[in-house]
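Structural overview
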Amino acid sequence: MKSRFDREVAKYPSEQKQSAVMACLAIVQQELGFVSTDSEKVIAEHLSMAPMAVHEVTTFYNMYNQRSVGKFKLNVCTNLPCQLRDGQKALHHLESKLGIHMGETTADGLFTLQQSECLGACADSPVMLVNDRAMCSFMTNDRLDQLVDELRASGGQA
């Protein structure tokens, strides 16, 4: 992992190696599934920065998991434009369908449900992001049901 950190740090002038913090957090998450406080300390030491400064980055962005999550992380946008077009209703529908509340993971470990701030697709709302990569637009209850059913049927294969 540290050799991967070094490759990211090499992209910046030596006096700006802290600029690699987001890339290092992404590497930790790819390898471990989430960013622990111990991982933050390793990154902080590697980049010569305070552990709190790394933690501030981790907690600012939705894309960094601070605990283990399901195979499918579902981030539903609940920012104002999505709220006006049923974003909160989409979140509540998923809570009902999955039998969990926002911030929880299903007992089978397949789904973690989160709310997120603006995903930048207001015209397509309600929107959600699956595993921080796949944007899903115009998520009606039927489309949400179809997505969950397809993901569940895939057996956890993203």
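This structure is a prediction, so every number in the text was calculated from the model and none was measured.

Conventions adopted
- Residues numbered from 1 in each chain as written.
- Predicted model: local features only at pLDDT ≥ 70, side-chain atom pairs only at ≥ 80, totals over all residues.
- Heavy atoms only, no water.
- Phe/Tyr/Trp six-rings, centres within 6.5 Å; stacked < 30°, edge-to-face > 60°.
- Buried < 20%, exposed > 50% of the residue type's maximum accessible area, 1.4 Å probe, protein only.
- Helix = DSSP H or I, 4+ residues; strand = E, 2+ residues; numbered from the N terminus.
- 1 Å grid on protein atoms, 1.4 Å probe; cavity = no way out; pocket = protein on both sides within 12 Å on 5 of 7 lines; lining within 4 Å.
- Points joined across faces, edges and corners; volume = space filled by probe spheres on them.
- Pairing = 2+ DSSP bridges.
- Axes fitted to C-alpha atoms, helices over the stretch in contact; angles between N-to-C directions.
- pLDDT = per-residue confidence, 0-100.
- Arc of directions from axis to C-beta.

**So, the packing of aromatic side chains**
Per the stated rule, a full pass over the model turns up three aromatic pairs. Plain terms: the ring middles of Tyr 61 and Tyr 64 are 6.2 Å apart, the flat faces sit at 90° to each other, and that makes the pair edge-to-face. Its relative accessible area of 6% is what places Tyr 64 among the buried residues. Ring plane angle 35° and centroid distance 5.7 Å describe the contact between Phe 72 and Phe 111, whose orientation is recorded as tilted. Of this pair, Phe 72 sits in strand E1 (residues 72-77) while Phe 111 sits in strand E2 (residues 111-116), and the two are 39 residues apart along the sequence. When sorted by exposure, Phe 72 lands in the same class as Phe 111, which is buried.

**Regarding the layout of surface pockets**
Taken as a whole, the largest pocket holds about 650 Å³ of empty space. Lining the largest pocket are 25 residues, and of these Gln 29, Met 63, Asn 65, Asn 131 and Asp 132 sit closest to its centre. Mapped by element, the contributors of at least two residues to the lining of the largest pocket are helix H2 (21-32), E1 and E2. Counting residues per element, the lining of the largest pocket draws most heavily on H2, which supplies four residues.

**Examining the sheet that holds strand E4 (residues 134-136)**
Strand order in this open sheet of four strands is E2-E1-E3-E4, and the pairing throughout is mixed. Both outer strands of the open sheet, E2 and E4, are each paired with one neighbouring strand and no more. Across the sheet, the mean angle separating the axes of adjacent strands is 25° when strand polarity is ignored. As judged from the three bridges shared by E1 and strand E3 (residues 128-130), these two strands associate in the antiparallel manner.

**Notes on the confidence of the model for the chain**
Fine structural detail should not be taken from predicted coordinates in areas where pLDDT scores are low. In the predicted model, the chain carries a mean pLDDT of 93, and the fraction of residues at 70 or more is 98%. Within the chain, helix H5 (residues 80-84) has the poorest average pLDDT of any element, 88, and helix H3 (residues 37-47) the best, 97.

**A word on helix H4 (residues 51-60)**
Side chains that are three or four residues apart share a direction in an α-helix, a result of its 3.6 residues per turn. Within H4, the full set of buried residues consists of Val 54, Val 57 and Thr 58. Considered in projection along H4, the buried side chains sweep an arc of 100° and stay on one side of the axis. Exposed residues lying more than 90 degrees from the buried face of H4 are Met 52 and Phe 60.

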